[in-house]
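These are the residues of each chain, in order.
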Amino acid sequence: SLNHFYKRKKEMKLLLLLLLMTILACKVQGIGQSGKACSQKFEDLESSLNDTRKKVESMEHEMEKVVGVMKELFLAHYDPDAFEEQRRLKKEVEIKEQAKLKKQEDERLFKEELIEQSLEDGKSAPDNIECRNYAFLTHFRNIEDSGQDDTNSSYCDSPNWSPSGSDVSPDWVGTGWYRFYGPSGHRMPTTAPGEDQCGTFGTGWLIGDHPSVPGETVDARVCFQALDECFRSVDVKITNCNSFYVYYLPDAPFCKFRYCATNERL
């Protein structure tokens, strides 16, 4: 009840006053026998104050809920249209929050999966350092998956051509060794896939073959198909890590250019 709530608040103010008075008394009495008793009194009052504060906060929270329900009942009776609109907006907020939490949980589980997969594959991988020290490309890059849920077709694997950073691929961290995994596919295509694929305009594909022997590293060239099959190209390296490939990839030469992959495995 309100009377009980205000009584608790008054009790909290009184305890706070007593606590301040006890602090002053402790300073006057010093550290003697009486000072020890004063210190114990201070601890008792502080504990009581904390307990009362928690009760008041709990009651304030409950009162906020009651007030909210009363407002809803008032709207439902006097303005049904506004009440339904408020309920709709509240439901939208709840759905968005649930979707946000689910996305965060999915990302956490996927990161755990990447770590476990990397450790498991590392057991059978050759001694090449790049077979254990690489970054994952996990954002959708699969030219065989036309149903991937992303409307941005302007991603690029280079921060140099996107000053704001808004178009840089979420999984791109700069020049280095990479492994395609999950939604991105598994290995680069060796035939021109066509423009406007894998979330970009200039699609990166591999000229040449992948290394066939575990531990083998080969030099290769990636073409970016835009206007023609090899509008621009960059030199790359590929290492066979027994159950997967890793690629040494430089920043793409332009924005709207990125490295693509297929479902084909090693």
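Residues numbered from 1 in each chain as written. Predicted model: local features only at pLDDT ≥ 70, side-chain atom pairs only at ≥ 80, totals over all residues. Heavy atoms only, no water.

Student: Explain the sheet that holds strand β1 (residues 135–137) here, please?
Tutor: One key point about sheets: their strands pair by backbone hydrogen bonds, in either a parallel or an antiparallel sense. A sheet is described by the order of its strands in space; here seven strands give the open sequence β1-β2-β6-β5-β4-β3-β7, paired in mixed fashion. The sheet terminates laterally at β1 and β7 (257–259), the two strands that pair on one side only. Averaged over all adjacent pairs, the angle separating strand axes in this sheet is 40 degrees, with direction ignored. Here four bridges tie strand β5 (residues 228–240) to strand β6 (residues 245–249), and the two strands are oriented antiparallel to one another. Its bridge partner being in β6, K237 is matched across the sheet by Y248. (Pairing = 2+ DSSP bridges. Helix = DSSP H or I, 4+ residues; strand = E, 2+ residues; numbered from the N terminus. Axes fitted to C-alpha atoms, helices over the stretch in contact; angles between N-to-C directions.)

Student: Looking at this structure, how should I read the pattern of salt bridges?
Tutor: Side chains that differ in charge, positive against negative, can pair when their charged atoms come close. Per the stated rule, a full pass over the model turns up eleven salt bridges. Two residues, E92 and R88, come together in a salt bridge whose shortest N-O distance is 2.4 Å. Taken together, the residues span about one helical turn, with E92 and R88 both in helix α3 (residues 80–122) at a distance of four residues. With relative accessibility at 34%, the residue E92 sits in the partly exposed group. Look at R88 and you get partly exposed, because its relative accessible area is 38%. Each of E85, R88 and E92 takes part in one network of salt bridges that share partners. (Salt bridge = Lys/Arg side-chain N within 4 Å of Asp/Glu carboxyl O. Buried < 20%, exposed > 50% of the residue type's maximum accessible area, 1.4 Å probe, protein only.)

Student: So what exactly am I meant to see when it comes to the pairing of strand β3 (residues 202–207) here?
Tutor: The buried fraction of β3 is high, at five of six residues. As judged from the three bridges shared by β3 and β7, these two strands associate in the parallel manner. Paired with T203 across the two strands is R258, which belongs to β7. As paired elements, β3 and strand β4 (residues 217–226) share five bridges and run antiparallel to each other. Residue pairing across strands places G204 opposite F224, the latter belonging to β4.

Remember that the coordinates give geometry; whether it matters functionally is a separate question.
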